[in-house]
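Observations on chain architecture
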Amino acid sequence: MRITVFGGTGPTGLLLINQALAEGHDVVAYARTPAKLPSHQRLTAIQGQLDDASAIGEAVRGSDAVLSVLGPGTNKAEIPPLVSGYRSIIAAMREHGVDRLVALGTPSITDPADRRELKVGLMVTGIRKFQPVAYDAIVRIGQTVRDSGLKWTIVRVPLLTNGPETATVNVRAVGDKGGARLSRSNAARSSSSRPPTPPTSAQHRSSPTNKGRVRRLLRELDSQAHANGAAPIRI
């Protein structure tokens, strides 16, 4: 499978790329600074900004799916272009006939299946109050993906840490039992749970964690064609 990755030079993105390569996939990584990417015979780097429609189209063309781990950081000036960048990615996917999109999100992107959960609710409230620009971008990205008309999956993650890999994977929806923190090292771990069941167009599956995320995202892409949703992932 040929996969295009956006946001691949960050800690989670690099884990995703390395896992995809280890799984035997061909990877195209779109990056502002390709020098941050690993060197591999099955990894192609394309340099560009999120407002470069031509370069984005080059990155997407010929791929089977797009995986994006783009998300707001601490630099406020870099946050607004993320929303228009997602629109450009989706436009390129439509143009080149690539219809499978897996996008990273957070619980700030709500889901009809969500229930009340104090720790996640406090996390979302804190982001909305103290980082309103980032919160707005996350919510708008989620809606942009949902309105894309593509076969999309939004994987929502909690607070990420640099802690060690753990032995278990806990897949859950907001409101189910679980924590609100997750180590990045778990993103590349090899243990797995059952492959997610393909949802119907009316279903939305969502996730407040990223434990085992890399393999889970790749499983989403390897499953048969499915419509809008995201796999519930427990912590």
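Summarised in this report is the structure supplied together with it. All values reported here derive from a predicted model rather than from experimental measurement. (Residues numbered from 1 in each chain as written. Predicted model: local features only at pLDDT ≥ 70, side-chain atom pairs only at ≥ 80, totals over all residues. Heavy atoms only, no water.)

The next subject is the packing of aromatic side chains. Counted under the stated rule, the structure contains 1 aromatic pair. Aromatic side chains Phe 6 and Tyr 30 sit 5.2 Å apart centroid to centroid with 45° between the ring planes, which places their arrangement in the tilted category. Separated by 24 residues along the polypeptide, Phe 6 in strand S1 (residues 2-6) and Tyr 30 in strand S2 (residues 26-31) bring together distant segments of the chain. Grouping residues by exposure puts Phe 6 and Tyr 30 together as buried. (Phe/Tyr/Trp six-rings, centres within 6.5 Å; stacked < 30°, edge-to-face > 60°. Helix = DSSP H or I, 4+ residues; strand = E, 2+ residues; numbered from the N terminus. Buried < 20%, exposed > 50% of the residue type's maximum accessible area, 1.4 Å probe, protein only.)

What follows deals with the packing of helix H2 (residues 53-60) against helix H3 (residues 80-96). It is at 9 Å that the axes of H2 and H3 come closest, and there the two elements cross at 55°. Judged on the interaxial angle alone, H3 and H2 are oblique. For the element pair H2 and H3, the recorded crossing hand is right-handed. Contacts between H2 and H3 pair Ile 56, Gly 57 and Val 60 from the former with Ser 88, Ile 89, Ala 92, Met 93 and His 96 from the latter. (Axes fitted to C-alpha atoms, helices over the stretch in contact; angles between N-to-C directions. Parallel < 35°, antiparallel > 145°, perpendicular 65-115°, else oblique. Left-handed = near helix turned anticlockwise from the far one by under 90°. Contact = heavy atoms within 4.5 Å.)

You can see Ser 63 is positioned in the loop between H2 and strand S4 (65-68). Since its relative accessible area comes to 8%, Ser 63 is described here as buried. Once residues within four sequence positions are removed from consideration, Ser 63 is found in contact with Arg 2, Ile 3, Thr 4, Val 28 and Val 98.

Counted by the stated rule, this structure contains 6 salt bridges. Between Asp 111 and Arg 146 there is a salt bridge; the shortest N-O distance is 3.8 Å. Taken as a pair, Asp 111 in the loop between strand S5 (100-105) and helix H4 (118-130) and Arg 146 in helix H5 (residues 132-146) lie far apart in primary sequence, 35 residues in all. Across the pair Asp 114 and Arg 156 runs a salt bridge, and its minimum N-O distance is 2.8 Å. (Salt bridge = Lys/Arg side-chain N within 4 Å of Asp/Glu carboxyl O.)

Turning our attention to helix H1 (residues 11-22). What sets the pattern is the α-helix's 3.6 residues per turn: residues three or four places apart point alike. Taking 1.5 Å of rise per residue, the 12 residues of H1 would be expected to cover 16 Å, and the 17 Å separating its terminal C-alpha atoms lies within 8% of that figure. Inspection of H1 places Thr 12, Gly 13, Leu 16, Ile 17, Gln 19, Ala 20 and Leu 21 among the buried residues, and these make up the whole buried set. In the stretch just after H1, Gly 24 is the one whose phi turns positive, near 95°. (Expected span 1.5 Å × (residues − 1).)

In terms of burial, S2 is largely enclosed, as 5 of its 6 residues are buried. Pairing between S1 and S2: 5 bridges, direction parallel. By the bridge assignment for S2, Ile 3 is matched with Val 27. With H1 bridging S1 and the parallel S2, this β-α-β connection has right-handed handedness. Where S2 lies against strand S3 (residues 43-47), 5 bridges are found, and the strand directions are parallel. (Pairing = 2+ DSSP bridges. Right-handed = clockwise from strand over helix to strand, strands pointing away.)

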